[in-house]
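What the coordinates show
Here is what each chain is made of, one letter per residue.
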Amino acid sequence: MLTVASDIEVLARFGRALADPIRCRILLALREAAAYPSDLAETLEVSRTRLSNHLACLRDCGLVVTVPDGRRTRYELADERLGGALDHLLAAVVAVESDTTCADSAEKGCC
């Protein structure tokens, strides 16, 4: 049961991080492997500036970390368990979306 304010704040911060499709794509890409910003920008087809802003958000949320690599910096998930959590969350959300109730709610602007 979530009663501790810090637990609620952590989940809310995670929700805000997932609220943007580009940040979701970044997390899903990093779930596969650590990456350099230039490679992520190319893979996700977003500008480096836009990617940088999203990476900063994910860093501030504590979901990704930077790892110095010579003159470059690579990004990876802050904890390897996040990859598994994303897999489980995605599977659960896909299962719920197959329910027509969720689709009906989306049409009403709920989701």
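This text goes with the structure placed above it.
Here we come to helix H5 (residues 81–97). Between its first and last C-alpha, H5 extends 24 Å over 17 residues, near the 24 Å set by a 1.5 Å rise per residue. Taken as a whole, H5 has its buried residues at Leu82, Gly83 and Leu86. Taken down its axis, H5 places every buried residue within 100 degrees of arc, on the same side. Among the exposed residues of H5, those pointing more than 90 degrees away from its buried face are Arg81 and His88.

The pairing of strand S1 (residues 64–69) with strand S2 (residues 72–77) spans six bridges and is antiparallel. For Thr66, the partnering residue across the bridge sits in S2 and is Tyr75.

This next bit is on helix H2 (residues 21–32). With twelve residues, H2 extends 17 Å from end C-alpha to end C-alpha; this agrees with the ideal 16 Å at 1.5 Å per step. Buried residues of H2: Ile22, Arg23, Ile26, Leu27 and Leu30, and no others. The buried side chains of H2 occupy one side of the element, clustering within an arc of 140 degrees when seen end-on. Exposed side of H2, more than 90 degrees from the buried face: Pro21 and Glu32 are the residues found there. At the N-terminal end of H2, a side-chain oxygen is found 2.8 Å from the backbone nitrogen of Ile22, two or three residues along, and the residue is Asp20.

With that settled, the discussion passes to the pattern of salt bridges. A full pass over the atoms with the stated rule returns five salt bridges. The salt bridge involving Asp69 is made with Arg74; its shortest N-O contact spans 3.7 Å. On the basis of relative accessible area, Asp69 is assigned to the partly exposed category, the value being 32%. Here Glu76 and Arg74 are joined by a salt bridge, their closest N and O atoms 3.9 Å apart. You can call Glu76 partly exposed: its relative accessible area is 28%. Looking at Arg74, the relative accessible area reads 24%, which means it is partly exposed.

Criteria and cut-off values
- Residues numbered from 1 in each chain as written.
- Predicted model: local features only at pLDDT ≥ 70, side-chain atom pairs only at ≥ 80, totals over all residues.
- Heavy atoms only, no water.
- Helix = DSSP H or I, 4+ residues; strand = E, 2+ residues; numbered from the N terminus.
- Expected span 1.5 Å × (residues − 1).
- Buried < 20%, exposed > 50% of the residue type's maximum accessible area, 1.4 Å probe, protein only.
- Arc of directions from axis to C-beta.
- Pairing = 2+ DSSP bridges.
- Polar contact = N/O pair within 3.5 Å; in protein donor to acceptor, adjacent residues only side chain to side chain.
- Salt bridge = Lys/Arg side-chain N within 4 Å of Asp/Glu carboxyl O.

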